[in-house]
Amino acid sequence: MENETGRPRPEEPPLKRRVSISDQVLGVDNPAFEHHHHHRRISASSEHNSEAGSRKKSILHHGASHENLAQYKFDLENGRINGNRKKSAFSLSSSIRDKIEYSEELERSWLYVFCSRCHGRDDTPSWEPNGWRRACPQPFCPSYRKFARTLCLFLLGLLLWGIVYSIIGEDAAPGGPLFGLAALCIAAHFGGWLISLTTLPALVGMLLTGIILQNVGLVSIDGKYSVVVSNLRKIALVIILTRAGLDLDPRALKSMKITVPKLGLIPWFVEALVVAVLTRYLLNLPWIWGFLLGSIIAAVSPAVVVPCLFRLRAKGYGVAKGIPTLIIAVAGIDDAASVAIYGIIKSVMFSHDALWYQILQGPLAIVGGLGFGILWGWLAKYVPEKGDPFMVPMRVLMLLGGGLLAVFGSERIELGGAGPLGVVAAAFVSCYFWEKQGWEVEDNPVATAFEIFWMIFEPILFGITGTQIKISELEESTVYLGLGCLAAGIIIRILATILVGIGSNLNMKEKVFIAISWMAKATVQAALGPGTLDCIDEKNEEQVHHAETVLTICVLSILLTAPVGAIIISLSGPKLLKKTSAPVAVTDGWRTRRPSIRDISIINEDPDLEETAENGNRVENGKA
């Protein structure tokens, strides 16, 4: 073909097909399911070429990206890109484009890689001012869309601060406690973002930000705003538990009705018991405080486990036996059990009622929590009406309001264990009925709304939890012995999980992977760890010491297990799980949770790991 000048037009290379995050998570474009493309690499922003047998590089090795699809087509039509030579499309001016060319060395440099990882990609066409790309070349500068979004959020935050300052006054001024609380949450968000660039869980950065700001003296939120902090933690707990209930697929649980409780509750009880016994004899905690701590520590964190499982599942690891569903379902049951038992023990510890009523508090909390949750979830089936145009926001408010009432109301009547259990039950029952009406578990708009709530409250929860740790007041023996108790509990839980798995259809490697995937702690520990500090008598030094010990060990569990657990899950998955080599229908094994932009991790970008796992599976299948 010839262009307008009569010159032959350069041969157009095949258009590269984008692969979205949702496609990757839901099993579309999955390299594990295509016989003829075993070496094709797909990451969150991968590109695919139709040449069979060619290995695609990960996001960390891409060359110059085509930030705008329309611009890329324009370049193709005008011969600006050929098969071997790519010129920068960072400017709207052709003269500037002809002058700027990024070499392979620059594209592979740490600065280019960091900027590409930081800014990501945005393929959808968008408006931008003339000369924007000339002044702000990509990916070294953000796109105008991201710049405008950040500026808008900054202006909204400034507007909100101005309104609060106009109402409250000096407490919201710089140096005031409320201003410090807001600054802490913003700093925690950016601290988490920086840590997430290393592909570690963002919550680790949020927690470290709170610890650093507290211990350098930049933040102090004691005093009259301690009640606000306590209530913020409870709201975050409601959001955590609601998400846990919405993530449980009724059909998947029904198909694994024996395996899930067996693998979930027995190892949970073993770890809680080990932690209680060790802290009793090593840290001199009373038995009731030891069991309180054990009930917190035994909870698994979906915030750490789920993103890593999405990556493995998208590559086909473990999906044939529904291992991702099993792990996530058990994590939800663990959270519910931990919060319920914690609430019961806490109610007994700080109750002033008669002994017979304290004994009955456990059964009453369980029956009351389940009863309220089932009733509220059943009510959400009919209210609002399923054809109402405002159905989604009203259902969101129904679950959020019911959860807040359950948590705060149960504490008011001194049945603390009933509220959290009711939140999980209400979310699960309502999700069950909504699924009957046509909503899929992985495409539930109410759950998407709670994901947004969690994006807001995650830095608040972990930042505030970090401020409770004062390094100068920590005892070295408490830290060392606490780490020993945590390590012993994790190891014994892993062994218990493997033993409990005897008789199931899982092989030894799969049992080991499932066992180590449940070592990660984070959300429940951050939400419940500081809870006893709100209930103790500050004049009672013994109670203060016990509460601070509980909080210290909870924070240590997050710092120790969250990053280590994420890395171990991502690296051991290709070694321990079988990779599906044939198409798998979207069955219960896939129905776990909708994808979220915060759930994407690129810890494992080593193609050799996948090839090694594939070759091992082929050898094993050949022997069979």
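Residues numbered from 1 in each chain as written. Predicted model: local features only at pLDDT ≥ 70, side-chain atom pairs only at ≥ 80, totals over all residues. Heavy atoms only, no water.

On to the overall build of the protein. Check the secondary structure of the protein and you find 24 helices and two strands. Taken across its 624 residues, the protein has 52% of its residues classed as buried. Residue pairs at least 24 apart in sequence account for 76% of intrachain contacts in the protein once pairs closer than 6 positions are excluded. If you sum the accessible surface of the protein, you get close to 28800 Å²; carbon and sulfur atoms cover 64% of it. (Helix = DSSP H or I, 4+ residues; strand = E, 2+ residues; numbered from the N terminus. Buried < 20%, exposed > 50% of the residue type's maximum accessible area, 1.4 Å probe, protein only. Contact = heavy atoms within 4.5 Å. Areas by Shrake-Rupley, 256 points an atom, 1.4 Å probe, with all protein chains shown as cover.)

On to the side chain of Ser-517, then. Checked against the element boundaries, Ser-517 lands in helix α21 (residues 508-517). Relative accessible area serves as the criterion here: at 0%, Ser-517 is assigned to the buried category. In this structure, Ser-517 is in contact with Val-300, Val-305, Ile-327 and Ile-569, ignoring residues within four places of it in sequence.

Per the stated rule, a full pass over the model turns up 14 aromatic pairs. Each ring, one from Tyr-432 and one from Phe-433, has its centre 5.4 Å from the other, and the planes form 65°; the classification is edge-to-face. Its relative accessible area of 34% is what places Tyr-432 among the partly exposed residues. By the ring-pair criterion, three or more aromatic residues cluster together here, those being Trp-132, Tyr-144 and Phe-147. (Phe/Tyr/Trp six-rings, centres within 6.5 Å; stacked < 30°, edge-to-face > 60°.)

This part covers the packing of helix α14 (residues 302-314) against helix α15 (residues 323-349). At a closest axis distance of 10 Å, the pairing of α14 and α15 adopts a crossing angle of 175°. Looking at the two axes, α14 sits roughly antiparallel to α15. For the pair α14 and α15, contact is made by Pro-302, Val-305, Val-306, Leu-309 and Arg-313 and by Pro-324, Ile-327, Ile-328, Ala-331 and Asp-335, respectively. For the contact of α14 with α15, the class distribution of residues is eight nonpolar, no polar and two charged. (Axes fitted to C-alpha atoms, helices over the stretch in contact; angles between N-to-C directions. Parallel < 35°, antiparallel > 145°, perpendicular 65-115°, else oblique. Nonpolar A, V, L, I, M, F, W, Y, C, P; charged D, E, K, R; others polar.)

For the second largest pocket, the calculated volume is near 1500 Å³. Considering the residues around the second largest pocket, the lining is formed by 50 residues, among which Pro-530, Gly-531, Leu-533, Asp-534 and Cys-535 are closest to the centre. Listing elements by their share of the lining of the second largest pocket, those giving two or more residues are α10 (226-246), α15, α17 (391-412), α22 (523-528) and α23 (541-576). A per-element tally of the lining of the second largest pocket places α10 first, with eight residues. (1 Å grid on protein atoms, 1.4 Å probe; cavity = no way out; pocket = protein on both sides within 12 Å on 5 of 7 lines; lining within 4 Å. Points joined across faces, edges and corners; volume = space filled by probe spheres on them.)

Membership of the largest hydrophobic core comes to 120 residues, with the highest contact counts inside it found for Leu-246, Trp-289, Phe-462 and Phe-513. Not counting residues within four places of it along the chain, the set of residues in contact with Trp-289 comprises Met-349, Phe-350, Thr-532, Ile-536, Gln-543, His-546, Ala-547 and Val-550. (Core = buried A, V, L, I, M, F, W, Y, C linked by side-chain atoms within 4.5 Å.)

What follows is about helix α19 (residues 445-467). The terminal C-alpha atoms of α19 lie 34 Å apart, and with 23 residues this matches the ideal 33 Å at 1.5 Å per residue to within 8%. Along its length, α19 shows its largest kink, about 35°, at Phe-457, and proline Pro-459 lies within four residues downstream of that point. With 17 of 23 residues buried, α19 lies mostly within the body of the structure. (Expected span 1.5 Å × (residues − 1). Bend = angle between axes of the 7 residues up to and from the residue.)

With that settled, the discussion passes to unusual backbone geometry. In this model, Val-383 is joined to Pro-384 through a cis peptide bond whose omega is 0°. Here Pro-384 is to be found in the loop between α16 (355-382) and α17. Residues other than glycine seldom take positive phi values, yet Asn-284 does so here, at roughly 60°. Tracing the sequence through the fold places Asn-284 in the loop between α12 (259-282) and α13 (287-297).

So, on to the environment of Gly-482. Relative to the elements of secondary structure, Gly-482 occurs in helix α20 (residues 476-500). A relative accessible area of 0% places Gly-482 in the buried class. Linking Gly-482 and Val-275, residues 207 residues apart in sequence, is a C-alpha distance of 9.3 Å. In this view, Gly-482 contacts Leu-283, Ser-477 and Ile-553; residues no more than four positions away in its chain are not counted.

Okay, α21 next. Burial within α21 is extensive, with seven of its ten residues counted as buried. All buried positions along α21 are accounted for by Glu-510, Lys-511, Phe-513, Ile-514, Ala-515, Ile-516 and Ser-517. The inward-facing, buried residues of α21 abut α14, α15, α20 and α23. The N-terminus of α21 is capped by Asn-507, whose side-chain oxygen sits 3.2 Å from the backbone nitrogen of Lys-509. (Polar contact = N/O pair within 3.5 Å; in protein donor to acceptor, adjacent residues only side chain to side chain.)

With that settled, the discussion passes to the pattern of salt bridges. Tallied over the entire structure, the rule returns five salt bridges. In this structure, the salt-bridge partner of Asp-534 is Arg-233, at a minimum N-O distance of 2.6 Å. Of the two residues, Asp-534 sits in the loop between α22 and α23 while Arg-233 sits in helix α10, which places them 301 residues apart along the sequence. For Arg-233, a relative accessible area of 5% translates into the label buried. Between Glu-411 and Lys-234 there is a salt bridge, with the nearest N and O atoms lying 2.7 Å from each other. (Salt bridge = Lys/Arg side-chain N within 4 Å of Asp/Glu carboxyl O.)

For the rest of this paragraph, the subject is the packing of α12 against α13. The geometry of α12 relative to α13 is characterised by a closest axis approach of 8 Å and an angle of 140° between their N-to-C directions. One way to sum up the angle between α12 and α13 is to call them oblique. The handedness of the crossing between α12 and α13 is right-handed. In this structure, α12 contributes Trp-268, Glu-271, Ala-272, Leu-273, Val-275, Ala-276, Val-277, Thr-279, Arg-280 and Tyr-281 to the contact, and α13 contributes Trp-287, Gly-290, Phe-291, Leu-293, Gly-294, Ser-295 and Ile-297. (Left-handed = near helix turned anticlockwise from the far one by under 90°.)

This next bit is on the side chain of Ser-295. As for its placement among the helices and strands, Ser-295 is situated in helix α13. Among the residues examined, Ser-295 registers a relative accessible area of 1% and is labelled buried. Here Ser-295 is in contact with Trp-268, Ala-272, Ser-338, Ile-341 and Tyr-342, once residues within four sequence places are set aside.

Let us now look at the confidence of the model for the protein. Residues of the protein with pLDDT of at least 70 account for 72%, and the chain-wide mean is 75. In this model, residues 15-103 is a region of pLDDT below 50 whose contacts with residues beyond four sequence positions or in other chains number 187 contacts. Within the model, pLDDT remains below 50 along residues 582-614, and this stretch shows 109 contacts once partners closer than five positions in the same chain are excluded. (pLDDT = per-residue confidence, 0-100.)

What follows covers a nonpolar patch on the surface. A surface patch of nonpolar side chains, about 660 Å² in accessible area, is lined by Phe-147, Leu-151, Phe-154, Leu-155, Leu-158, Trp-161 and Tyr-165. Along the chain, Leu-151 falls in helix α7 (residues 144-168). Among the residues examined, Leu-151 registers a relative accessible area of 40% and is labelled partly exposed. (Patch = residues over 30% accessible without salt bridge, like charges linked within 9 Å, V, L, I, M, F, W, Y side chains within 5 Å.)

We now examine the environment of Val-300. Within the secondary structure layout, Val-300 lies in the loop between α13 and α14. Residue Val-300 is classed as buried on the basis of its relative accessible area, which comes to 0%. Along the backbone, Val-300 and Ser-517 are 217 residues apart, and their C-alpha atoms lie at a distance of 8.9 Å.

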